[in-house]
Amino acid sequence: MDQDAQSPAPGAPRARDIRTTKNEVAVDIIDVSKWFGEFHVLRDVSLKVMRGERIVICGPSGGGKSTLLRCINRIEDWQQGRVIVDGVEITADLKTIDEVRREVGMVFQSFNLFPHLTVLENCTLAPIWVRGLPKREAETIARHYLARVRIPEQADKYPAQLSGGQQQRVAIARALCMQPKIMLFDEPTSALDPEMVKEVLDTMVELAMDGMTMVVVSHEMGFARQVANRMVLMDAGQIVEVNQPEQFFSNPQHERTRLFLSQILH
Amino acid sequence: MVAQLAYVRRELAAPMPPPLAARGVFGWMRYRLFGSLLNSVLTVVSLALFVVVAWPTIRFLLIDAVWDGASRADCLPETVGRPVGACWPFIARKFAQFMYGFYPSDQIWRVNLTYFLGAALLAQLVIPRVPYKATNAILFFGVFPVVAYFLLVGGVLGLEHVETRRWGGMLVTLVISFTGIIVSLPLGILLALGRRSAMPVIRLLSIIFIEFWRGVPLITVLFFATYMLPLFLPGSWKLDGLLRVLIGVVLFAAAYMAEVVRGGLQAIPRGQYEGAMALGLGYWRMMGLVILPQALKHVIPGIVNSFIALFKDTTLVLIVAIFDLLGQLRAAFADPNWATPTTLFTGFAFAGMIYFAFSFAMSRYALYTERRLSTGR
C-alpha cells in the first residue's frame, strides 16, 4: 500500500493540484489497533497525510472511518500503534494531547455547537481560553472567519436559530478560529437537509483551495473528485485501498472498492 | 375530454387573521374554561373551592383580626364582643424575639447591618442589568461571609462578643439556610463531577459520600453533630454548636444537590464534550464553560426545589435546642400573657407567610432565570 502522497496529475488545474509543501508529514498514523471491548475496530491501520494534502476517507458504515479520524486528535484512544501529528507524538501525557488538539480543528456530523453561547461566543471560546487571546482580538478573528463562511450577520444569534447548513458553517468557522494546521471532517454533510449540503461543501472546497491539510470522512463523491489528492477506502477496520481519485473512481483496484462504488454511484 | 391532472399554483395564498371565535376574552374563555362539559365542571368546582378557602382566610387575617392591644385580654372574644381572628398585637410584641432570638437588644443594629449588606449585595447580583458581576460575586461570596461572621459573632474591633447560643429566630433561619444554599451548590457540583469521574477512587469516594448522607435522616445528622461529634473530637477541640449544625446541614444538602446536578450532567449529549475537547479545552474549562452552564440550566427547577426544601428543613434544628423562627414562635406560645384561642393560629399564619414569601421569591426568580437563559433548544 502506497502511503506517500501521490504527485498530482498534470493538466486540469483543479483544487487538489494546489499544494503548499510536498514533503512534510502532517499526520503519521503507524500500525494503530483499537478494540471496543472484544471488537477489533481498527486493525493495524497506517496512513501518512502530507502537509497541504486532502484525503477523503469513505467506506461502509462500521468500517472504522470515524474512529480512525477521531484518533488523530485523541478524542478516541487506541491500544496499539502510534499517532504523530505535526511532529508531536500523542502519548498518555496530557500535554501532548493538548498540544495536538490546539493545532487540529474538527467538524462533526452533528455540528456540536454550544447551544448556550451565541455564534460569536462559540467562535471566541477556545481562542480566549486555550490560546489566551484578548477578547477583542478573538472577536476580530471570529468575525473574519464568519465572513469567510458567509454568515457574518448571524454572529449574535444562538445556534438553535440557524439552519443546519448555517450551523455547520459556524462549526467550520469555530474550528478555523483556532487557526489549525490540520482540519478533520467527520461526515460533515450527513445530517443536513439536501438543500443545505452544497453550501457546506462550497465552504470546504474554498478551504481546500487555500491549501489547508484536510482529512475528510464523507460519501460526497463529487466533492471528493473535486478536491481529494488521495482517496482511502476503509472496511472492517482496515484500509482496503488508497489511490488517486482518477484511479479510484475509474479503475478501482480492490474488489471491495468496486463493490462499494457500485453501491453508492448509481 | 381528459381530466386535468397537472396543477401549477399561480400565486401564493396570503396569510389571514384567525377566526373571531378564537380571539379575545370570549374566545379564550370558550376554549380554555368551557371547552367541554368536563372542562366547564372543573372550572366551576375550582372557583367554588377557591371561594370556600379564600373567604375564611381573609376574614381571619384581616376582617376579624385584632390590630391593637397590650395583652391577651384585648384578643379575647369576650372583651372585643365579636368573633376574633388573628391576634396581631401578639406578633407585634414578640417581633424582636422572632427576628433576633435573644440577641442583645442594644446590639441588634449589627444583625440589621448584616441583613442590609447581604440584601444590597444580593440585589446587585441577581439583577442581570447591574454591571460588575464578577466584583459583586467576589464581594458576596468571598468578603460578605467574613464580614457577616465578625459582625454577628463580634469579639473584634470593640464589638461585644455574642455567643451563638443567644442567636435565634429569623437570624438563625437565615444564617443556616443561606450558608447551606451557598456552600452546598459548589460542593454538590464537585461531588456530581466526582461521581461521573473516570478515576475509580474519586468516583467511589463520591458515591460513598453521597449515598451515606442521603441515606441518613437530617434529624440523625443534627443529633450526631450536636451530641456525638464532641465525643469523637479531641478534648481541646471546641466547635461552636451552631457551626456543628451548619456543617451537618451543608454536607446533607450537598449530597442531594450532587444528585440533582448529576441529572443535569446526564442530559448533556456526548457531542458537547467532544466539541469542547476538539477545541483543546481541558477538563475544568470544558466543564466550567461548556458542560456545567448547560447542565445547571437544565436542572434549575431541581436546584430550587432543594433550596426551598433546605430553607424549610432548617426548622429541624429545634430538636437540638437551637431556636429558629419556628422555635421562637413555639417558645412565645408558652407565654401565659398571650394565651388566647387564636394565638397559635396567628403565630403559624405569620411564620407561614414569611416562609411562603421567601420560597415563592426563590421560585419566581428561578423561573425568571430559566426564561432569561433559554436560548431556544
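Residues numbered from 1 in each chain as written. Chains lettered and ligands numbered in written order. Predicted model: local features only at pLDDT ≥ 70, side-chain atom pairs only at ≥ 80, totals over all residues.

K.L.:
Could you give an account of the overall build of chain A, with specific residues and numbers?
P.N.:
When you go through chain A residue by residue, the secondary structure sums to 9 helices and 10 strands. For 266 residues, the compact-globule estimate of 2.2 N^0.38 gives 18 Å, and chain A sits close to it at 18 Å. A principal-axis box enclosing the C-alpha atoms of chain A has dimensions of 50 × 40 × 35 Å. Taken over 266 residues, chain A has a buried fraction of 49%. Restricting the contact set of chain A to residue pairs at least 6 apart, pairs at least 24 apart contribute 67%. (Helix = DSSP H or I, 4+ residues; strand = E, 2+ residues; numbered from the N terminus. Rg over C-alpha atoms; globule rule 2.2 N^0.38 Å. Buried ≥ 20, exposed ≤ 12 C-beta atoms within 10 Å, placed from the backbone. Contact = placed C-beta atoms within 7 Å.)

K.L.:
Describe in detail the packing of helix α3 (residues 119-129) of chain A against helix α5 (residues 164-176) of chain A, supporting the description with residues and values.
P.N.:
Residue and element names in this part refer to chain A. At a minimum axis separation of 8 Å, α3 and α5 run at an interaxial angle of 25°. It follows from the interaxial angle that α3 and α5 lie roughly parallel. For the crossing formed where α3 meets α5, the hand is right-handed. Across the interface between the two elements, Val 119, Asn 122 and Cys 123 from α3 touch Val 170, Ala 173 and Arg 174 from α5. (Axes fitted to C-alpha atoms, helices over the stretch in contact; angles between N-to-C directions. Parallel < 35°, antiparallel > 145°, perpendicular 65-115°, else oblique. Left-handed = near helix turned anticlockwise from the far one by under 90°.)

K.L.:
Help me get a handle on the sheet that holds strand β6 (residues 104-107) of chain A, residues and values and all.
P.N.:
One key point about sheets: their strands pair by backbone hydrogen bonds, in either a parallel or an antiparallel sense. All names here are of chain A. The strand order β6-β7-β8-β3-β9-β10 describes an open sheet built from 6 strands, whose pairing is mixed. Either end of the sheet is taken by a strand with one partner, and the two such strands are β6 and β10 (238-243). For this sheet, the mean angle separating the axes of adjacent strands, direction not counted, is 20°. Sheet topology places strand β3 (residues 54-58) next to strand β9 (residues 230-235); 4 bridges connect them, and they run parallel. Within the sheet, the bridge partner assigned to Val 56 lies in β9 and is Met 231. Against the sheet, α5 contacts β6 and β7 (182-186), and its axis sits at roughly 170° relative to β6. (Pairing = 2+ DSSP bridges.)

K.L.:
Requested: an account of the sheet that holds strand β5 (residues 88-89) of chain A, with residues and values cited.
P.N.:
Residue and element names in this part refer to chain A. Spatial strand order, β2-β1-β4-β5: 4 strands in an open sheet with antiparallel pairing. Looking along the sheet, the strands with just one partner apiece sit at the ends: β2 (39-50) and β5. Packed onto the sheet, helix α1 (residues 65-72) meets β1 (25-36), β2 and β4 (80-85) and runs at close to 60° relative to β2.

K.L.:
So what's going on with helix α4 (residues 135-148) of chain A? Residues and values would help.
P.N.:
All names here are of chain A. Given a rise of 1.5 Å per residue, 14 residues ought to cover 20 Å, and the 20 Å separating the end C-alpha atoms of α4 matches this to within 8%. Along α4, the residues classified as buried are Ala 138, Ile 141, Ala 142, Tyr 145 and Leu 146. Looking straight down α4, one finds its buried side chains confined to an arc of 135°; they lie on one side. Facing away from the buried surface of α4 by more than 90 degrees, the exposed residues are Arg 136 and Thr 140. In this structure, the buried side of α4 is in contact with α3 and α5. After α4 finishes, the residue Arg 150 shows a positive phi value of roughly 65°. (Expected span 1.5 Å × (residues − 1). Arc of directions from axis to C-beta.)

K.L.:
Describe the nonpolar core, and please don't skip the residues or the numbers.
P.N.:
Among the nonpolar cores identified, the biggest contains 141 residues, and Ile57(A), Val215(A) and Leu171(B) are the most heavily contacted of them. Sort the elements by how many residues they give to this core and helix α10 (residues 241-266) of chain B lands first, with 15 residues. In this view, Ile57(A) contacts Lys65(A), Leu69(A), Val215(A), Val216(A), Val217(A), Val232(A) and Met234(A); residues no more than four positions away in its chain are not counted. (Core = buried A, V, L, I, M, F, W, Y, C linked by C-beta atoms within 7 Å.)

K.L.:
Just give me the short version of the domain arrangement of chain B, but keep the residues and values in it.
P.N.:
Taken as a whole, chain B is organised into domain 1 (104-161) and domain 2 (170-322). Between the C-alpha centres of domain 1 of chain B and domain 2 of chain B the distance comes to 23 Å. (Domains from an automatic or database assignment.)

K.L.:
I'd love a proper account of the environment of Thr213(A), names of residues and values included.
P.N.:
All names here are of chain A. By secondary structure assignment, the location of Thr 213 is in strand β8 (residues 213-217). For Thr 213, a count of 24 C-beta atoms within 10 Å puts it in the buried group. C-alpha separation for the pair Thr 213 and Ala 155, spaced 58 residues apart in sequence, amounts to 26 Å. Filtering out sequence-adjacent residues up to four positions away, Thr 213 remains in contact with Ala 26, Val 49, Arg 51, Gly 52, Glu 53, Lys 181, Ile 182 and Met 183.

K.L.:
Kindly report on the confidence of the model for chain B, identifying the contributing residues and their values.
P.N.:
Should the pLDDT be low somewhere, the predicted coordinates at that spot are not to be read in detail. With 98% of its residues at a pLDDT of 70 or more, chain B shows a mean pLDDT of 87. Here the predicted complex scores 0.83 on pTM and 0.87 on ipTM. (pLDDT = per-residue confidence, 0-100.)

K.L.:
Please set out the interface of chain A and chain B residue by residue, giving values where relevant.
P.N.:
Contacts between the two partners involve 20 residues from chain A, matched on the other side by 19 residues from chain B. Contributing elements (two or more residues each) for the side of chain A that touches chain B: α2 (94-103) and α3 of chain A. Grouping the amino acids of the side of chain A that touches chain B by side-chain chemistry returns 12 nonpolar, 5 polar and 3 charged. (Nonpolar A, V, L, I, M, F, W, Y, C, P; charged D, E, K, R; others polar.)

K.L.:
Quick rundown of the environment of Ile75(A)? Include the residues and the values.
P.N.:
Position of Ile75(A) among the secondary structure elements: in the loop between α1 and β4. Between the C-alpha atoms of Ile75(A) and Cys58(A), which are 17 residues apart in sequence, the distance is 20 Å. Those residues in contact with Ile75(A) that sit more than four places away from it in its chain are Arg70(A), Glu274(B), Met277(B) and Ala278(B).

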